[in-house]
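Tertiary structure, described
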Amino acid sequence: MTEKINALKAEIAALTAASAAEVEQLRIKYLSKKGAVSQLFNDFKQMTPDEKRQFGAPLNELKNFATEKIASLKDAVEATDSAESMVDLTRTAAPMPLGTRHPITLVRDEIVAIFSRLGFTIAEGPEIEDDWHVFSSLNFAADHPARDMQDTFFINRTPDVLLRTHTSSVQTRVMEHTQPPIRIICPGRVYRNEAISARAHCFFHQVEALYVDEHVSFADLRQTLLYFAREMFGPKTQIRLRPSYFPFTEPSAEMDISCNLCGGKGCSFCKHTGWVEILGCGMVDPNVLDACGIDSKRYSGFALGMGIERITNLKYQVKDLRMFSENDKRFLEEFTAAH
Ligand code: DAH
């Protein structure tokens, strides 16, 4: 009897099952009325009282062992069955709501990409600057109104620490430690002490471009501007240069493009002129080259600077500048398709 019990126990211990049906078959084989374990209990009934005393406990133990084993096999197949029914690996993934890139970032990247195609590389500088990099090196006279408290956020007077009012400061930063040829594009945030309204903000974004080499001419500047305008606003875009003044360029100009809303016919956006102003530019003033340690007799250069918000307004007709910094999801989501 002991041998039979041990053999059956070893057999049951080694059982495996891959499905609920297999577990049921095993249950019938071992635990049903005619099953192997029940069979031993039938033998037990025929035993003498002494034998019964000897085999009662091991037999019960075998029955419990078999019952537990079958139950654990059942649990195991049920767990895999239900996991399989819950995970449908063939189903298309649920769409994940993605964020959108900010319109200023989109337009900045587009401007940078256009200039990179002409060989310009990105240069960046600090937003917290000093008078030399923002004004003095760029030929601003000591009493230039831009230095005034009303335009510039001063953090400290002596030593002078201020928030840059334009990205032209990056020109100086690069020219101070690099000799020509220099071909850089400098995107960044700038600050001005302005009352916040739909048309003005105390911070906004600019992109500056600078090209310095031997024999750089106004014709190079004009062709670069035309290429940029047509890449940005379409191949039919016309440009027009008007004489202007900036301390750091001589001669200086402002560039208008044919209004991309009315195609130059005249509308309320271009105030019925057919033209909209988009940037300032000019030939780098020799004083600026010399101040930065570049020989102005050998080298010449052109520079240009534009506001990213302005370009974005032209491309996407954003009416109110404040929209750019309010983080209104409804506004930002409008640019999903622009990616
Ligand atoms: N820094 C000028 C501004 O903030 C923009 C500008 C004009 C940059 C002419 C230039 C330039 O490089 O040549 O209004």
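A brief report on the enclosed structure follows.

Here the focus is the overall build of the protein chain. Broken down by element type, the protein chain carries 11 helices and 10 strands. Along the longest, intermediate and shortest principal axes, the C-alpha atoms of the protein chain span 125 × 50 × 40 Å. A separation threshold of at least 6 residues defines the contact pool for the protein chain, and within that pool the share at least 24 residues apart is 66%. For the protein chain, the accessible surface area stands at approximately 19,000 Å², while carbon and sulfur atoms represent 53% of it. Here the protein chain contributes 39 positively and 45 negatively charged side chains, and the mean placements of these two sets differ by 8 Å.

In this structure, the second largest pocket occupies an estimated 200 Å³ of space. Forming the walls of the second largest pocket are 17 residues, and the residues nearest its centre are His 102, Ile 104, Arg 189, His 205 and Glu 309. Counting residues per element, the ones that place at least two in the lining of the second largest pocket are helix H5 (103-116), strand E5 (182-191), strand E6 (203-213) and helix H10 (308-316). In terms of residue class, the lining of the second largest pocket is made up of 7 nonpolar, 7 polar and 3 charged.

Here we take up the site of the ligand. As a structural note, the neighbourhood of the ligand is formed by 15 residues, with His 166, Ser 168, Arg 192, Gln 206 and Glu 208 the closest of them. His 166 places a side-chain nitrogen or oxygen 2.9 Å from a nitrogen atom of the ligand. Contacts to the ligand include Leu 304, whose backbone N or O atom sits 3.3 Å from an oxygen atom. Protein coverage of the free-state accessible area of the ligand, which is 350 Å², stands at 88%. The set of elements that each furnish at least two residues to the shell around the ligand consists of E6, strand E9 (275-284) and strand E10 (300-307). Here the shell around the ligand is composed, by residue class, of 5 nonpolar, 8 polar and 2 charged.

Next up on the list: the nonpolar core. Among soluble globular proteins, nonpolar side chains are generally buried collectively. Ile 111 and Leu 304 are the most contacted members of the largest nonpolar core, which totals 45 residues. Among the secondary structure elements, those contributing two or more residues to this core are H5, E6, helix H8 (218-233), strand E8 (249-258), E9, E10, H10 and helix H11 (329-332). Non-local contacts of Ile 111, meaning those with residues more than four positions away in its chain, are made with Ile 185, Val 207, Phe 228, Met 232, Met 306 and Ile 311. One finds Ala 123, Phe 140, Met 175 and Cys 186 within the second-largest nonpolar core, a separate group that totals 24 residues.

About the cut-offs
Residues numbered from 1 in each chain as written. Predicted model: local features only at pLDDT ≥ 70, side-chain atom pairs only at ≥ 80, totals over all residues. Heavy atoms only, no water. Helix = DSSP H or I, 4+ residues; strand = E, 2+ residues; numbered from the N terminus. Contact = heavy atoms within 4.5 Å. Areas by Shrake-Rupley, 256 points an atom, 1.4 Å probe, with all protein chains shown as cover. Lys, Arg positive; Asp, Glu negative; His and termini not counted. Charge placed at Lys NZ, Arg CZ, Asp CG, Glu CD. 1 Å grid on protein atoms, 1.4 Å probe; cavity = no way out; pocket = protein on both sides within 12 Å on 5 of 7 lines; lining within 4 Å. Points joined across faces, edges and corners; volume = space filled by probe spheres on them. Nonpolar A, V, L, I, M, F, W, Y, C, P; charged D, E, K, R; others polar. Near = heavy atom within 4 Å. Polar contact = N/O pair within 3.5 Å; in protein donor to acceptor, adjacent residues only side chain to side chain. Core = buried A, V, L, I, M, F, W, Y, C linked by side-chain atoms within 4.5 Å. Buried < 20%, exposed > 50% of the residue type's maximum accessible area, 1.4 Å probe, protein only.

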